[in-house]
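Architecture and fold: a report
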Amino acid sequence: MNRTLVACGASVLASVFALGGVATLTLAQQLQQSPYAPKVGDPPEVSNMRLVGYSDLQARSSYQPTIHKQGNRYIAYVGHHGGGADAPKPFNPLTRAEESNGTAIIDVTDPANPKYLKHLPGAAGGAEAGGAQMTRVCDGANLAAHDPNKFYLLRTFGGKGHEVWEVTDPANPVKLSFIGGNYQDTHKNWWECETGIAYLVSAVPGWRAKRMTEIYDLKDPSKPVKIRDFGLDGQQPGSTGAVPTDLHGPISMPQINRVYFGYGSSSGGILQIVDREKLLKGPKEPTAANLLYPQIGRMDMSPLTGAHTVFPMLQMPIADFASSGHSTRDMVMIVNEATQNECKPQAREMVWFADITIETHPQIVSNFNVKEASGNFCSRGGRFGAHSSAEDMSPVFYKKLAFITYFNAGVRAVDVRDPFEPKEVGYFIPSITEATDKRCIRGSNPPACKVAIQSNNVETDDRGYIYIVDRANTGLHILEVTGAARAVAGLPPQ
């Protein structure tokens, strides 16, 4: 509990909004009360998880936490969305200056006492146009063309492009390179530390999709080398007809020669399975034939669901199939994204499990959902529904426990050892604070706003700690599993 909370959002009771034709309302009048809405001072809601440590992240809206071991230290890099209307440039007490949201760098070696080292400002602007929401980190030891004693951060720079920084001394980053400039958007990148290949979610001029893939060789982070552009047929320059859903993000597994792409975070979801060697070494001109050449399998989901995160879980032994054929299965966990506040108007976004054992024919076999009535989540305020999963593949949790953020329902721990029947075994819903920002129903007049937790993204480390960050400025919570959830992971009892 290492930082003093900065009052903002709901605590500013004197804020007013001038609405055309509507009487001026105080923020207190706008905030709609619900018997289920949390209040400052309420304890967290927990099951088989517990809070270990906390940082307020300077009350900045947060997206992606990346945890990286640097020598004997564990460092958390947290990407921030752009600033909000009430605080476009929050105050940084380390520099005593107002700064555009960017990247928080925190020493979490002792998870009970995280130490805030640096805020690295990002692009000016709000929401996804500003900030530096995406982070990935690699060792120089794995990037064969560069210094083995150094560490590197790849981050987005608002919607404008991508940056690489040397973070060997995480309190004093040094910028090395920039990719982009004339973009409309960026988002959820992937960086293969084993090879240096980076898959950058971008909006290259001329492409019909707002988000597609640029592939770069970043073995030498100071000298990016472009390999190719990639996307779905129909997204490329010069194509006609309907434009396929925008890319959300890829996950690459070079050890098995596969890249998994997820398109459409909240609707029109598509899972695409790609031969990595053909992608990197095949013909690069973005013709229809060349874009289809590396594709092995594709699954178009319902228009009501998306594919925010497509997380591979391969070679999973299914105990119930032990006496049958094909008892070991390859799976992809597909996490959708809820995007509407208070469940209006959107189909429930949840988690789907696809059997990709036969890669040319992926098939949905099960799903996981948090029941709305279990916490009256639609009336609490903000978004309710799935958003993102942890992506760390360390043995401590991989293919045993999955961690899924559910916005105002916090983070859920899911037993995935049998992906045909996933089961919730724990959850943690943080307490709101004075810093937690309001969330309003779009188009409501007068504004209908509530203060609610918005657990955004989650990551784990190889020690077994779980890190969740909040979209509504509440900060970073460091957790561990207890009880039945701990037993699923095979961790010793506490």
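Residues numbered from 1 in each chain as written. Predicted model: local features only at pLDDT ≥ 70, side-chain atom pairs only at ≥ 80, totals over all residues. Heavy atoms only, no water.

Pairing in this open sheet of 4 strands is antiparallel, and the strands run β23-β24-β25-β26 from one edge to the other. Strand pairing shows two members of the sheet lacking a second neighbour, β23 (309-317) and β26 (363-368), which therefore form its edges. Recorded for the sheet is a direction-independent mean angle of 25° between the axes of neighbouring strands. Bridge count for strand β24 (residues 328-335) against strand β25 (residues 351-355) is 5 bridges, and the pairing is antiparallel. Of the residues in β25, the one forming a bridge with Met333 is Phe353. (Pairing = 2+ DSSP bridges. Helix = DSSP H or I, 4+ residues; strand = E, 2+ residues; numbered from the N terminus. Axes fitted to C-alpha atoms, helices over the stretch in contact; angles between N-to-C directions.)

Turning next to the state of the cysteines. The term disulfide refers to a covalent linkage connecting the sulfur atoms of a pair of cysteines. Tallied over the full model, the rule gives 3 disulfides. With its sulfur 2.0 Å from that of its partner, Cys138 forms a disulfide with Cys193. When the S-S torsion is -90°, as for the bridge of Cys138 with Cys193, the disulfide is left-handed. Of the two residues, Cys138 is situated in strand β11 (residues 135-139) and Cys193 in the loop between β15 (190-191) and β16 (197-202); the sequence distance between them amounts to 55 residues. Side by side, Cys138 and Cys193 carry an identical accessibility label, which is buried. (Disulfide = S-S within 2.5 Å. Buried < 20%, exposed > 50% of the residue type's maximum accessible area, 1.4 Å probe, protein only.)

Our next topic: the packing of aromatic side chains. Evaluation of the coordinates by the stated rule reveals 8 aromatic pairs. Relative to Phe261, the ring of Phe230 lies with its centre 5.5 Å away and its plane at 45°, an arrangement referred to as tilted. Here the residue Phe230 occupies a position in strand β18 (residues 225-230), and Phe261 occupies one in strand β20 (residues 258-263), the gap between them amounting to 31 residues. Measuring from ring centre to ring centre gives 5.0 Å for Phe321 and Phe420, while their planes differ by 65°; the resulting arrangement is edge-to-face. (Phe/Tyr/Trp six-rings, centres within 6.5 Å; stacked < 30°, edge-to-face > 60°.)

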